Amino acid sequence: MSLKLSIYLDGISDMFMKRGQTDLIHELTLGTEAYNGKVGRWWKQLSNNRPHAYAYSNIANDIHSFLQNNPKLVIDYACGSGNLLVPLLNRFPECRFTGIDGSAFMLELAKKRLKRLGTNSSQWVELIRTELPDFTLPQGKADVIVFCFPQILWGSTDQQRYYENGYRNEEDAAVAQFLAASRNPNVEDITVADDVQMWLDSLLRGKVVSRNLHGLLKKGGICIRVEYAKTERAKLAELEQYRLAFEEGSLETSMNGRKAEKLFNFISSTYFRSKVMEDVYHQTRDGTDRKGGYSITLLETM
Ligand SMILES: C[S@@+](CC[C@H](N)C(=O)[O-])C[C@H]1O[C@@H](n2cnc3c(N)ncnc32)[C@H](O)[C@@H]1O
């Protein structure tokens, strides 16, 4: 299954806390502030290790070889400390970048990193602090948007923002309900697979984030999602593929006679084995989350 951390975290923190895993999981229940404290320090340290450095370089190379025309504007959505921004800047010297994140701590690290690159970087990169998803950001401007190792946390004032931006879309809600309630035949690695409400909420929130990604792109723009994964997309159980496609807005198939709103055309997904998968293990402490890697999925706006 694809292992976006958010799916694990939404609604299951209580369960982990009962097991005594109160450290990172507890911090994550604090919402968007988490990355200003202990979780931010955890991510800073972890994302600077060798497997991450290799992964970010590989991701930047992959993006570079896919994009034949030089993009004019690339947005790094939830850019954190700029782990991917920096290698992208090196590969697209003529491009402008916008890094968006909710954490002041993370953005300060990104700023320092860009400063070390040289005085010119501030001319090419704009950093914006805001809580995501944010539908007030300028729409339809970016050629490319990257969303790397996502973990969009729920802020205190978020419910209304999600509700106003598609969370209650009738067709999506019906499809998500069907996908949340369906059973996965390969459940041995999914401790929380039976929690329908958790899956429903996670799918619908993920779809709102995808709407935000879609809105920031020009028509024909490219969305690049880098997500923790245990195997290649084509090898996932059918239900997992449908859930993934629903959330990213590329689901074509009708579910139970209902059709989800389509935002993107799926282009490709490539899987890489990597020790970055241990990021997931750090949060879940589930031994099955130690092996895997990440997938790079390319989507095009409709
Ligand atoms: C796992 S880190 C990944 C950061 C970056 N993409 C990378 O690969 O290094 C998740 C990032 O999402 C940001 N984030 C989480 N929830 C957010 C929200 N609701 N609004 C804005 N940023 C958020 C955090 O501050 C953090 O920088």
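Residues numbered from 1 in each chain as written. Predicted model: local features only at pLDDT ≥ 70, side-chain atom pairs only at ≥ 80, totals over all residues.

**Looking at the overall build of the protein**
Here comes step 1: The number of helices and strands found in the protein is 13 helices and 7 strands.
Here comes step 2: The buried share of the protein, reckoned over its 302 residues, is 42%. (Helix = DSSP H or I, 4+ residues; strand = E, 2+ residues; numbered from the N terminus. Buried ≥ 20, exposed ≤ 12 C-beta atoms within 10 Å, placed from the backbone.)

**Remarks on helix H7 (residues 104-117)**
Here comes step 1: For H7, spanning 14 residues, the distance from its first C-alpha to its last is 20 Å, which sits close to the expected 20 Å at 1.5 Å a residue.
Here comes step 2: Residues Met106, Leu107, Leu109, Ala110 and Leu114 constitute the buried set of H7. Projection of H7 onto a plane perpendicular to its axis shows the buried side chains occupying an angular sector of 155°, all on one side. Looking at H7, the residues exposed on the side facing more than 90 degrees away from the buried face are Lys112, Lys115 and Arg116.
Here comes step 3: Tucked into the core, H7 has its buried residues touching helix H4 (38-46), helix H6 (85-91), strand S2 (96-101), helix H8 (121-124) and strand S3 (125-129).
Here comes step 4: A positive phi of about 135° marks Gly118, the residue just after H7. (Expected span 1.5 Å × (residues − 1). Arc of directions from axis to C-beta. Contact = placed C-beta atoms within 7 Å.)

**Topic: unusual backbone geometry**
Here comes step 1: In this model, Leu132 is joined to Pro133 through a cis peptide bond whose omega is 0°.
Here comes step 2: As for its position among the elements, Pro133 is in the loop between S3 and strand S4 (142-148).
Here comes step 3: The phi angle at Asn256 is positive, at roughly 55°, despite the residue not being glycine.
Here comes step 4: Its place among the elements puts Asn256 in the loop between helix H12 (238-248) and strand S6 (264-273).

**Digging into the confidence of the model for the protein**
Here comes step 1: Within the protein, residue pLDDT values average 88, and 89% of them lie at 70 or more.
Here comes step 2: Every residue in residues 1-22 scores below 50 in pLDDT, and together they form 52 contacts with partners more than four places removed in sequence or on other chains.
Here comes step 3: Long-range and interchain partners of residues 187-191, a stretch whose pLDDT sits below 50, account for 6 contacts in this model, where long-range means more than four residues apart. (pLDDT = per-residue confidence, 0-100.)

**Overview of the sheet that holds S6**
Here comes step 1: One open sheet holds the 7 strands; their spatial order is S3-S2-S1-S4-S5-S7-S6, and the pairing between them is mixed. Lying at the two open borders of the sheet, with one neighbouring strand each, are S3 and S6. Recorded for the sheet is a direction-independent mean angle of 15° between the axes of neighbouring strands.
Here comes step 2: Here S4 runs beside strand S5 (residues 217-229); their pairing, made up of 6 bridges, is parallel. Of the residues in S5, the one forming a bridge with Ala142 is Leu217. (Pairing = 2+ DSSP bridges. Axes fitted to C-alpha atoms, helices over the stretch in contact; angles between N-to-C directions.)

**A closer look at the packing of helix H9 (residues 158-167) against helix H11 (residues 196-216)**
Here comes step 1: Their axes nearest at 9 Å, the elements H9 and H11 cross at an angle of 75°. Accordingly, the angle class assigned to the pair H9 and H11 is roughly perpendicular. Seen from H9, the contacting residues are Tyr162, Asn165, Gly166 and Tyr167; seen from H11, they are Leu204, Arg205, Lys207, Val208 and Arg211.
Here comes step 2: Each residue belonging to the contact of H9 with H11 can be placed in one class, and the counts come to 4 nonpolar, 2 polar and 3 charged. (Parallel < 35°, antiparallel > 145°, perpendicular 65-115°, else oblique. Nonpolar A, V, L, I, M, F, W, Y, C, P; charged D, E, K, R; others polar.)

**Regarding H12**
Here comes step 1: Where H12 is concerned, the buried positions are Tyr242, Arg243, Leu244, Ala245, Phe246, Glu247 and Glu248.
Here comes step 2: Close packing links the buried residues of H12 with helix H10 (170-181), H11, S5, S6 and strand S7 (293-301).
Here comes step 3: Within two residues after H12, Gly249 carries a phi angle of roughly 85°, on the positive side.

**Some points on the environment of Val276**
Here comes step 1: Its place among the elements puts Val276 in the loop between S6 and helix H13 (278-284).
Here comes step 2: On the basis of neighbour count, Val276 is assigned to the buried category, with 22 C-beta atoms found within 10 Å.
Here comes step 3: Setting aside chain neighbours within four positions, we find Val276 in contact with Pro51, His52, Ala55, Gly293 and Tyr294.

**Notes on the environment of Thr288**
Here comes step 1: Inspection of the secondary structure puts Thr288 in the loop between H13 and S7.
Here comes step 2: We classify Thr288 as partly exposed; it has 15 C-beta atoms within 10 Å.
Here comes step 3: Remark: the alpha-carbon pair of Thr288 and Glu278, spanning 10 residues in sequence, is separated by 10.0 Å.

**A look at the packing of H11 against H12**
Here comes step 1: Their axes nearest at 7 Å, the elements H11 and H12 cross at an angle of 40°. Relative to H12, the element H11 lies oblique. Side by side, H11 and H12 meet where Leu203, Gly206, Lys207 and Ser210 of the first sit next to Arg243, Phe246, Glu247 and Glu248 of the second.
Here comes step 2: Among the residues forming the contact of H11 with H12, the class breakdown is 2 nonpolar, 2 polar and 4 charged.

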